[in-house]
Amino acid sequence: MVPKAFTPATALPNVCRTLVVGCGSMLGGDDAAGPELIRRLATRPLPPGVACVDAGTSGFEVVLRMRGVPEVIVVDACESGDEPGAIHEVDGESLDASPGPAGVSIHRLRWDQAIALSRPLFGDASPRLTAFLVEGCRFTPGEGLSPEVDRAVDRLVDLIAERLAQLDGWETR
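What counts as what
Residues numbered from 1 in each chain as written. Predicted model: local features only at pLDDT ≥ 70, side-chain atom pairs only at ≥ 80, totals over all residues. Heavy atoms only, no water. Salt bridge = Lys/Arg side-chain N within 4 Å of Asp/Glu carboxyl O. Buried < 20%, exposed > 50% of the residue type's maximum accessible area, 1.4 Å probe, protein only. Helix = DSSP H or I, 4+ residues; strand = E, 2+ residues; numbered from the N terminus. Contact = heavy atoms within 4.5 Å. Pairing = 2+ DSSP bridges.

Colleague: Teacher, can you tell me more about the pattern of salt bridges here?
Modeller: Pairing between side chains of opposite charge can happen when the charged atoms of each approach one another. Within this structure, the stated rule accounts for 8 salt bridges. Put simply, Glu36, Arg39, Arg40, Asp150 and Asp154 are held in one network by salt bridges that share partners.

Put into structure tokens, the structure is as follows:
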């Protein structure tokens, strides 16, 4: 049985120090990289204060979950033209420097757009943010992860688990 990921909403206030958020659709081929990572990471022993959540395709869900959390790691699929399975790490400062969400529909808000909109709301309480983007190659509805993305998700689970362990000197295996 796979342990169910818990969310900061179920944690006590100030207990969640790091939130790992998987974004994407489980029905969209490689777009499932984020939710699949959350499913795999939730089977690992994680340090106290770490929460994992599958935010699906809702940008607002990401912002609602990260409120009051000092550190947020977002995982999503991307299509940048790089080699399938490549992992791109983007820090929050780079995301802040990206073009703003001009002309965004509130009903179709991506996580990066929602974060840009949330910065003025959170102000100094904005979390430190890191995004890991997995280069996808197949986004056909109904298909599973491509072999390249499946392997990349495994590598990224190990990488994130190691980073989380470094935060508290926690043993991940």
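Alright, that's what it looks like, and here's the rest.
Colleague: How should helix 1 (residues 33–41) be read in this particular structure?
Modeller: It helps to recall that an α-helix has 3.6 residues per turn; residues three or four apart then point in one direction. Within helix 1, 8 of the 9 residues are buried, which leaves the element mostly enclosed by the surrounding structure. For helix 1, the complete set of buried residues consists of Ala33, Gly34, Pro35, Glu36, Leu37, Ile38, Arg40 and Leu41.

Colleague: Help me out: how do you make sense of the side chain of serine 146 in this one?
Modeller: With respect to the element layout, serine 146 can be found in the loop between strand 5 (128–135) and helix 5 (147–168). Beyond its immediate sequence surroundings of up to four residues, serine 146 is in contact with Asp30, Cys137 and Arg138.

Colleague: It is not clear to me how the environment of glycine 68 should be interpreted in this structure. Could you clarify?
Modeller: Mapping glycine 68 onto the fold places it in the loop between helix 2 (59–66) and strand 3 (71–78). Through-space distance from the C-alpha of glycine 68 to that of cysteine 16 is 8.5 Å; in sequence the pair is 52 residues apart.

Colleague: Just to check I follow, could you spell out the pairing of strand 3 for this structure?
Modeller: Every other side chain in a regular strand lies on the same face of the sheet, so the side chains alternate between the two faces. Burial analysis of strand 3 places 8 of its 8 residues in the buried class, the great majority of the element. Burial along strand 3 is two-sided: the residues Glu71, Ile73, Val75 and Ala77 and Val72, Val74, Asp76 and Cys78 are all buried. The pairing of strand 1 (residues 18–23) with strand 3 spans 5 bridges and is classified as parallel. The residue bridging threonine 18 from the neighbouring strand is glutamate 71, located in strand 3. Sheet topology places strand 3 next to strand 5; 8 bridges connect them, and they run parallel. Among the inter-strand pairings, valine 74 is bridged to a residue of strand 5, identified as alanine 131.

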